[in-house]
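# Observations on chain architecture
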Amino acid sequence: MSDLAWLHAPRAIPEDVLDLCRQAAKIRLEYHQDKPHYRGWNVEGYTYGCLGEALISELSGIPWDVSFNGGDQGFDFPETDAKANPVEVVTDEGWLRRLADSRKWQNYYALVVVQRDFGAYRYAGWATGTMLAKAKTRDFGYGPTCVMNERQLVPGLPPPLVSKGKP
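Residues numbered from 1 in each chain as written. Predicted model: local features only at pLDDT ≥ 70, side-chain atom pairs only at ≥ 80, totals over all residues. Heavy atoms only, no water.

### Focus: the nonpolar core
Residues Leu51, Ile56, Val114, Tyr121 and Tyr123 are the most contacted members of the largest nonpolar core, which totals 27 residues. Looking at this core, the elements with two or more residues in it are α2 (15-33), α3 (43-60), β4 (108-115) and β5 (120-128). With 7 residues, α3 is the largest single contributor of residues to this core. Excluding its chain neighbours within four sequence positions, the residues that come into contact with Tyr123 are Leu7, His8, Leu55, Ile56, Leu59, Ala110, Leu111, Val112, Gly156, Leu157 and Pro158. Ranked by size, the runner-up nonpolar core spans 14 residues in total, among them Ala124, Ala135, Cys146 and Met148. (Core = buried A, V, L, I, M, F, W, Y, C linked by side-chain atoms within 4.5 Å. Buried < 20%, exposed > 50% of the residue type's maximum accessible area, 1.4 Å probe, protein only. Helix = DSSP H or I, 4+ residues; strand = E, 2+ residues; numbered from the N terminus. Contact = heavy atoms within 4.5 Å.)

Structure (C-alpha cells):
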C-alpha cells in the first residue's frame with residue numbers, strides 16, 4: 001500500500017480516543033458558550049472537531065493539546081488548522097469549511113471526515129488558507145462560509161506536518 005493510500009484509508013475510531021474527545025467537547029462547549037464569538041456549536045460538533053485533531057495527530061506524529069484549557073484559536077498544529085466534517089458513511093465525500101469573516105487565516109487547513117455515528121474517520125486532504133479564502137461561499141446559518149469540495153483538496157499532509165512529524 002502506498003504512503004498516500006495508508007494516509008487516506010478509512011479507520012475505526014478507537015474507543016479511548018472517542019471518550020477523550022467527548023470529554024473535550026463538553027469542556028470546549030462550556031468554555032465557548034460565554035464568549036462573544038460563540039456561534040451555537042453543540043457537544044456533537046465539538047466531538048467531530050476533536051476527532052479531526054486526534055487523527056491528524058496520529059498521522060503526523062505531532063501531539064495535539066488535550067489539556068482543554070480554553071480555545072485553541074484555530075491553530076491546532078504547526079501552521080495548520082484541522083477541520084472535521086460529519087458524513088453518513090466515512091467513504092462519502094467531505095467538504096472543507098471555514099467562516100469567511102475570520103480575521104485570522106492559517107497557512108494550511110487539513111480535512112478529516114468523521115462518520116456521524118462515530119464509527120470511523122479518514123483523512124481527506126488539505127488546502128492553503130489562500131485557496132480556501134478564494135473558494136465559493138455558502139451560508140449554513142453562521143454567516144458566509146468558504147467551502148471546498150474534497151476533490152479540490154491536495155492529497156497527503158500539508159508541508160509543515162510532513163516536515164515536523166513523520167512522513
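### Brief notes about the pattern of salt bridges
For the coordinates displayed, the defined rule picks out 5 salt bridges. In this structure, the salt-bridge partner of Asp81 is Lys83, at a minimum N-O distance of 3.3 Å. For Asp81, a relative accessible area of 4% puts it in the buried group. Lys83 gets classed as partly exposed once you look at its relative accessible area, which sits at 22%. (Salt bridge = Lys/Arg side-chain N within 4 Å of Asp/Glu carboxyl O.)

### As for the packing of aromatic side chains
By the definition in use, this model includes 3 aromatic pairs. With centroids separated by 6.0 Å and ring planes inclined at 80 degrees, the aromatic side chains of Trp105 and Tyr109 adopt a geometry described as edge-to-face. Here Trp105 falls in the partly exposed class, since its relative accessible area comes to 26%. Overall, Tyr109 belongs to the buried group, its relative accessible area being 0%. Ring geometry for Tyr108 and Trp126: centres 5.4 Å apart, planes at 70 degrees, overall edge-to-face. In this pair, Tyr108 sits in strand β4 while Trp126 sits in strand β5, placing the two residues 18 residues apart along the sequence. When sorted by exposure, Tyr108 lands in the same class as Trp126, which is buried. Sitting over the face of the ring of Trp6, Arg11 holds its NZ or CZ atom 5.3 Å from the ring centroid. Above the face of the Trp105 ring, Arg98 is positioned so that its terminal group lies 4.8 Å from the ring centre. (Phe/Tyr/Trp six-rings, centres within 6.5 Å; stacked < 30°, edge-to-face > 60°. Lys NZ or Arg CZ within 6 Å of the ring centre and 35° of its normal.)

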